[in-house]
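Close look at the chain arrangement
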Amino acid sequence: MSKIGFTTTIPIEILFAAGRIPVDLNNVFITHPQKKSLVEEAELEGFPRNICGWIKGIYTVATRSDLDEVIAVTQGDCSNTQALMETLQLKGVKIFPFAYPYDRDEELLHLQIRKMMEHFGVTEAEVGRVKMKLDVIRERLALIDQLTWQEDTVSGFENHYFLVSSSDMKGDLEAFQEEVEDFLREAKGRKRSNSEIRLGYVGVPPIYDDLYSFVEELNTRVVFNETQRQFSMPYRTTTLLQQYLKYTYPYDIFSRLRDIREEARRRRIDGLLHYVQSFCFRQIEDLILRYEVDLPVLTLEGDKPAPLDARTKVRIESFIELLKGKKEGNSSP
Ligand code: SF4
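First, a word on what this report is: a plain description of the structure on this page. As the structure is a prediction and not an experimental result, all values here were calculated from the model.

Concerning the sheet that holds strand β2 (residues 21-24)
One open sheet holds the four strands; their spatial order is β2-β1-β3-β4, and the pairing between them is parallel. Of all the strands in the sheet, just β2 and β4 (95-99) have a single pairing partner and so form its edges. Sheet twist, expressed as the mean angle between neighbouring strand axes with direction ignored, is 30°. With four bridges connecting them, strand β1 (residues 3-6) and β2 associate as parallel partners. In the sheet register, G5 faces β2, and the bridge partner there is V23.

Right, here's the structure in full:
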């Protein structure tokens, strides 16, 4: 079966219906044992130092992998994708562009989905049947998420891992479904965690290796992974169009903010970690987040794949201390 790479979440239902293997290039990059050298390799080829590490990692992964084609999301994800697409074309990689309309225009998104279905030679009925299969897995992922914040039996990293993997379902629906079911069976017998502080993680997935484990050492848990949860499409929908219209990540920040506020309230979150990537245009959104969300926010900036540096660790520790102090203050008579 041929593999189709992509630069951010796209309707994978179409690829599975067409008998192709979806490959989220972000996941391949970040789980690669030599991920740092993938970034350096792109720099040796001429990528500027002041370009985001994810772009460079994706570039090297796409040129090295055995892909038939790459779907490049030219609108709704990254301002660098067009240039990335062009450098890949230069290397002989076949590109198919996909765009999320900024204003969430239903007709335009419908056109994009239809164009993609035509390109991969599948009908609406075929895609609809695959959607039903994927919806079953998406419901089980929603249960993992629920166990994270309601039962407190799933860790922030486990939540991140399963939700982020749903962007391509690891290219194998049956194997991924089995992995999810095995995990749910194991998590069922666990005791509730009694960590003191509950955090929300907002922004693109971290490039750091050890953010979740470090936070957990401080008697704190991440009970909400905003973007990763969006990748898993947690809403019940009947059509593919509805599903990708409800997905918040590729559109304006205000629908993301509504989701963040709602989930922060529901999950009783004490504070937010906002991860931003060096040289990413999304850093500007930090000021909107701080303005619009009524919770303490710690902004963390990462560059290349690496463990947390000492300064970032100290900042996280101080933030958590501050949240603990605030909580104790609120509970004293
Ligand atoms: S982190 Fe920002 S600059 Fe980097 S790939 Fe993602 S959206 Fe683009």
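Focus: the site of the ligand
As a structural note, the neighbourhood of the ligand is formed by C52, W54, I55, D77, C78, N80, Q277, C280 and R282. Of the residues in the shell around the ligand, the class split is five nonpolar, two polar and two charged.

Regarding the nonpolar core
By size, the foremost hydrophobic cluster in this structure holds 90 residues, and its most contacted members are I10, I14, I71, L109, M116, L199 and I316. Sorting elements by how many residues they give to this core places helix α7 (residues 124-149) first, with seven residues. Aside from chain neighbours lying at most four places away, what touches M116 is I10, P11, I14, L15, I71, F96 and F98. By size, the runner-up hydrophobic cluster in this structure holds 13 residues, among which are F224, I269, L289 and V293.

Concerning a negative patch on the surface
Taken together, the side chains of E196, E217, E317, E321 and E328 present a region of like negative charge at the surface. If you tally residues by element for the negative patch, the top one is helix α15 (residues 310-331), at three residues. Within the secondary structure layout, E196 lies in the loop between α9 (173-188) and β5 (197-203).

Observations regarding helix α13 (residues 253-266)
Relative to the 20 Å expected for 14 residues at 1.5 Å per residue, α13 spans 20 Å between its end C-alpha atoms, a close match to the ideal helical length. Restricting attention to buried positions, one finds in α13 the residues I253, S255, R256, L257, D259, I260, E263 and A264. Contacts made by the buried residues of α13 are with β5, β6 (220-225), α11 (226-231), β7 (271-277) and α14 (285-292). Capping of α13 at its N-terminal end is provided by D252; its side-chain oxygen lies 3.1 Å from the backbone amide nitrogen of F254. One or two positions beyond α13, positive phi appears at R268, with a value near 50°.

What about the sheet that holds β5?
Across the sheet, which stays open at both edges, the four strands sit in the order β6-β5-β7-β8 with parallel pairing between neighbours. Whereas interior strands pair on both sides, the edge strands pair on one side only; in this sheet they are β6 and β8 (297-302). Taking the axes of each pair of neighbouring strands and ignoring which way they run, one obtains an average angle of 30° across the sheet. In this structure, β7 lies alongside β8, joined through six bridges in parallel fashion. Note on β8: the bridge partner recorded for V276 is E301.

Calculation rules
- Residues numbered from 1 in each chain as written.
- Predicted model: local features only at pLDDT ≥ 70, side-chain atom pairs only at ≥ 80, totals over all residues.
- Heavy atoms only, no water.
- Pairing = 2+ DSSP bridges.
- Helix = DSSP H or I, 4+ residues; strand = E, 2+ residues; numbered from the N terminus.
- Axes fitted to C-alpha atoms, helices over the stretch in contact; angles between N-to-C directions.
- Near = heavy atom within 4 Å.
- Nonpolar A, V, L, I, M, F, W, Y, C, P; charged D, E, K, R; others polar.
- Core = buried A, V, L, I, M, F, W, Y, C linked by side-chain atoms within 4.5 Å.
- Buried < 20%, exposed > 50% of the residue type's maximum accessible area, 1.4 Å probe, protein only.
- Contact = heavy atoms within 4.5 Å.
- Patch = residues over 30% accessible without salt bridge, like charges linked within 9 Å, V, L, I, M, F, W, Y side chains within 5 Å.
- Areas by Shrake-Rupley, 256 points an atom, 1.4 Å probe, with all protein chains shown as cover.
- Salt bridge = Lys/Arg side-chain N within 4 Å of Asp/Glu carboxyl O.
- Lys, Arg positive; Asp, Glu negative; His and termini not counted.
- Charge placed at Lys NZ, Arg CZ, Asp CG, Glu CD.
- Expected span 1.5 Å × (residues − 1).
- Polar contact = N/O pair within 3.5 Å; in protein donor to acceptor, adjacent residues only side chain to side chain.

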